Amino acid sequence: MAKTHVTMKVNGAEVEGLVEPRTLLVHFIRENLQLTGTHIGCETTHCGACTVDIDGMSVKSCTMFAVQADGSDIITVEGIANADGTLSALQEGFRMMHGLQCGFCTPGMIVRAHRLLKENPSPSEPEIRMGISGNICRCTGYQNIVKAIQYASAKINGVEFQEAAE
Amino acid sequence: MIPGSFSYHRPASVADAVKLLADLGEDARPLAGGHSLVPMMKLRLASPAHLIDLHGIAGLKGISRNGDTVVIGAMTTQHDLLASDEIARSAPILHETALLIADPQVRYRGTIGGNVANGDPGNDMPALMMTLGASYRLEGPGGARDLPAADFYQGAYFTALEPGEILTSVSFPALAAGHGYAYEKLKRKVGDYATAAAAVVLTMAGGKVATCTIGLTNVHETPLLAVDAARAVIGTSLDAAALKTAAAAAEAIMAPAADARGPVEYRKHVGGIMVTRALQRAAAGAK
C-alpha cells in the first residue's frame, strides 16, 4: 500500500513521516516519533491510556489514523512539563497527591486533565470525575487522581490546595 | 490491533465524496468520527478497501437556525453540540442526550451524522431525532432528498441510505416554548450503550399533558416511537394510573435482545421505568 507523507506539530516541534493509511496515530507517535509516553492499553477506545491532545481536543489516538492528523498540532505527555523543564501543575499534583500506582494510565490521565483544566480551570469534584470518565485506572480507585487534579486546579488559580476531609 | 489495508480519500466537497462513493462502490465507506468504524476495522469485522474521510468538507460542520428549523451539519461533533448556545436554547434535550454518549474523548470526535446514520440500535440520537420529528438530508448521485428520521431505520445497521448516498445534515422544528423534556438512559457504566433509554418531549396546559412524544433507544432492532404510550398520557395529569398505562404500552412494542445488559424481560421492565421517569421529569420541567 502506498505510503502518505504527513507533517504535524508535536509538542511544539515540526515532525514528518511516511505512513500507510492504516497506521494508527498512536503507532506513529510511539514507533515513528519514539515518543513512548503515550500508552496503548485496550486498543478498543475504552481505556484512554492513549489520549493525546489534538488541536485542543482530547482524542484517543488508537482510534484515529495518522493520516487524519496531517497538519494538526498535538501535545503528548512528553509536552506537558513547563518550558523550563520543571513539573507542570498537573505533574506536580500527581506527584504530591500520589495520583498513580502502576502508572500505566497516568499519561492519558494527565493529558486528558490538561484539556479539562484548560476548558474549566475550577472544576467541581463531579466535573473532574465526569471529565476523566473516558480514562480507566485499575489501581487507585481514582481518589488520588481526583485530588491530583484538584491540586493542579488550585495551583493554576493561585490558591492553596485544601484536601477535603474524608 | 491493526486494520486491514485501505486507500484513504479526503474529498473537499460533498459532490466529490458522493462521486467517490459511487465510483468505488460497496468497497468504500464514508468515515465520520470513526469511533464505530475504526474499532470494527481493528477487529477486522470491517475491512473496507477505501475510506472516504468527510473531515475535509468544511460545509458539513455547524449548527444553524433557519426560522423555526434547527439544522445541524452531519460532521458536527457531540462536543460541538454540548458547546452550542443555540442547542442549549433551542433543544436542551439534545444537550442532555449528548452528555450521556460515551465519554469526553469520544464526544470530541463522534459526530451526530455518524451516530444517526450508522443504524446501530444502541446509539442514542436516532430515537431522539424521531422524537423531535427530525428529517435527514441524504445526498447521492441522483441529487438530494429529505427523509423523516422515523422512516430511516429498517433494521439493525440497515437504513434507507442508498448506495452512494451520504447523510449530510439533520434538521428539526424548534421546540415549543415552555416544553418539558427528558432523556432517561440506564447504562451499566460511562461509555456503555443503554440497557434501555427513553426520550420524552411534552407540553402541559392547565396541569394536564397537551402534547407528548416518546422515543425509545436500544429496546428493539431499530429506534422506536412509542405512539400508544404517548397517546395514553395526553389529557392526563400524569397520575399513577396514566404512568402505568404508558409504561405498559411502551413495553408492549419493545423487543430487546438478551445480552450482557440483561435478559429480555429485565430490559423491557427497565424500559418501562425509563419511560415513567422521563415523563415525570419532563412534566416537572414544563412551563
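Rules of the game
- Residues numbered from 1 in each chain as written.
- Chains lettered and ligands numbered in written order.
- Predicted model: local features only at pLDDT ≥ 70, side-chain atom pairs only at ≥ 80, totals over all residues.
- Contact = placed C-beta atoms within 7 Å.
- Helix = DSSP H or I, 4+ residues; strand = E, 2+ residues; numbered from the N terminus.
- Nonpolar A, V, L, I, M, F, W, Y, C, P; charged D, E, K, R; others polar.
- Domains from an automatic or database assignment.
- Pairing = 2+ DSSP bridges.
- Axes fitted to C-alpha atoms, helices over the stretch in contact; angles between N-to-C directions.
- Expected span 1.5 Å × (residues − 1).
- Buried ≥ 20, exposed ≤ 12 C-beta atoms within 10 Å, placed from the backbone.
- Core = buried A, V, L, I, M, F, W, Y, C linked by C-beta atoms within 7 Å.
- pLDDT = per-residue confidence, 0-100.

With that out of the way, let us pick up the interface of chain A and chain B. Across the contact, 23 residues belong to chain A and 23 residues belong to chain B. Among the elements that take part in the side of chain A that touches chain B, strand β4 (residues 57-60) of chain A stands out by supplying four residues, more than any other. The residue inventory of the side of chain A that touches chain B, partitioned by class, reads six nonpolar, 12 polar and five charged.

Assigned domains of chain B: these are domain 1 (7-56), domain 2 (59-173) and domain 3 (180-285). Once you take the C-alpha centre of each, domain 1 of chain B and domain 3 of chain B turn out to be 35 Å apart.

Let us look at the domain arrangement of chain A. A common way to express how large an interface is: the accessible area buried when the components associate. Residue and element names in this part refer to chain A. Partitioning chain A into structural domains gives domain 1 (4-79) and domain 2 (89-156). The gap between the C-alpha centroids of domain 1 and domain 2 is 21 Å. Counting residues at the interface gives 16 residues for domain 1, matched by 12 residues for domain 2. Its residues assigned to classes, the side of domain 1 that touches domain 2 shows six nonpolar, nine polar and one charged.

What follows concerns the sheet that holds β4 of chain A. Residues and elements named next belong to chain A. Spatial strand order, β2-β1-β5-β3-β4: five strands in an open sheet with mixed pairing. Each having just a single partner strand, β2 (13-19) and β4 make up the two edges of the open sheet. On average, each strand axis in the sheet is inclined to that of its neighbour by 40°, with strand direction left out of account. The pairing of strand β3 (residues 51-54) with strand β5 (residues 73-75) spans two bridges and is classified as antiparallel. Each residue of the ladder has a partner; that of Ile-54, found in β5, is Ile-74. Where helix α3 (residues 106-119) meets the sheet, its contacts fall on β3, β4 and β5, and the angle it forms with β3 comes to roughly 35°.

Residue and element names in this part refer to chain B. Along its 22 residues, helix α11 (residues 264-285) runs 32 Å from first to last C-alpha, staying within 8% of the 32 Å computed at 1.5 Å per residue. For α11, the set of buried residues is Arg-267, Lys-268, Val-270, Gly-271, Gly-272, Met-274, Val-275, Thr-276, Ala-278, Leu-279, Ala-282 and Ala-283. Tucked inside the fold, the buried residues of α11 contact β11 (180-186), β12 (196-205), β13 (208-217), α9 (227-233) and α10 (240-253).

The next subject is the nonpolar core. All names here are of chain B. Judged by nonpolar contacts, the single largest core of 86 residues is most densely connected at Val-200 and Val-275. Per element, the largest residue contribution to this core is eight residues, and it comes from β12. Among all residues touching Val-200, those that are not within four sequence positions of it are Tyr-181, Ala-182, Cys-212, Ile-214, Ala-278, Leu-279 and Ala-282.

What follows deals with the pairing of β11 of chain B. Regular strands place side chains that alternate from one sheet face to the opposite one. Residue and element names in this part refer to chain B. The buried fraction of β11 is high, at six of seven residues. Across seven bridges, β11 lies against β12 in antiparallel orientation. Among the inter-strand pairings, Glu-184 is bridged to a residue of β12, identified as Ala-198.

To continue, consider the pairing of strand β10 (residues 166-173) of chain B. Residue and element names in this part refer to chain B. With respect to burial, β10 is a largely interior element, seven of its eight residues being buried. Alignment of strand β5 (residues 69-73) against β10, held across five bridges, turns out to be antiparallel. The partner of Val-70 across the bridge, within β10, is Phe-172. Here strand β6 (residues 135-140) runs beside β10; their pairing, made up of five bridges, is antiparallel. Considered in β10, the bridge of Arg-137 is made with Ser-169.

All names here are of chain A. Helix length check: α3 (14 residues) gives 20 Å between terminal C-alpha atoms against 20 Å at 1.5 Å per residue, within 8%. Here α3 lies mainly inside the structure; 12 of its 14 residues are buried. Among the residues of α3, Thr-106, Pro-107, Gly-108, Met-109, Ile-110, Val-111, Arg-112, Ala-113, His-114, Arg-115, Leu-116 and Leu-117 are the ones counted as buried.

A few words on unusual backbone geometry. All names here are of chain B. The phi dihedral of Ala-102 is positive, around 50°, even though this residue is not glycine. Tracing the backbone shows Ala-102 in the loop between α5 (92-98) and α6 (104-109). Non-glycine residue Asn-218 carries a positive phi angle of around 65°. Secondary-structure assignment places Asn-218 in the loop between β13 and β14 (224-225). The exposure class of Asn-218 is buried, given the 29 C-beta atoms found within 10 Å.

Paired through their backbone hydrogen bonds, the strands of a sheet run either parallel or antiparallel. Residue and element names in this part refer to chain B. Strand order in this open sheet of five strands is β4-β5-β10-β6-β7, and the pairing throughout is antiparallel. Looking at the sheet topology across the chains shown, the edges are occupied by β4 (63-66) and β7 (143-148). Each strand axis lies, on average, 25° off the axis of its neighbour in the sheet, ignoring direction. The strands touched by helix α1 (residues 14-24) within the sheet are β6 and β10, with β10 carrying the most contacts at an inclination of about 130°.

With that settled, the discussion passes to the confidence of the model for chain B. Low-pLDDT portions of the prediction should not be read for the details of their coordinates. For chain B, the mean per-residue pLDDT works out to 97, and 100% of the residues sit at or above 70. The ipTM for the predicted assembly is 0.95, set against a pTM of 0.96.

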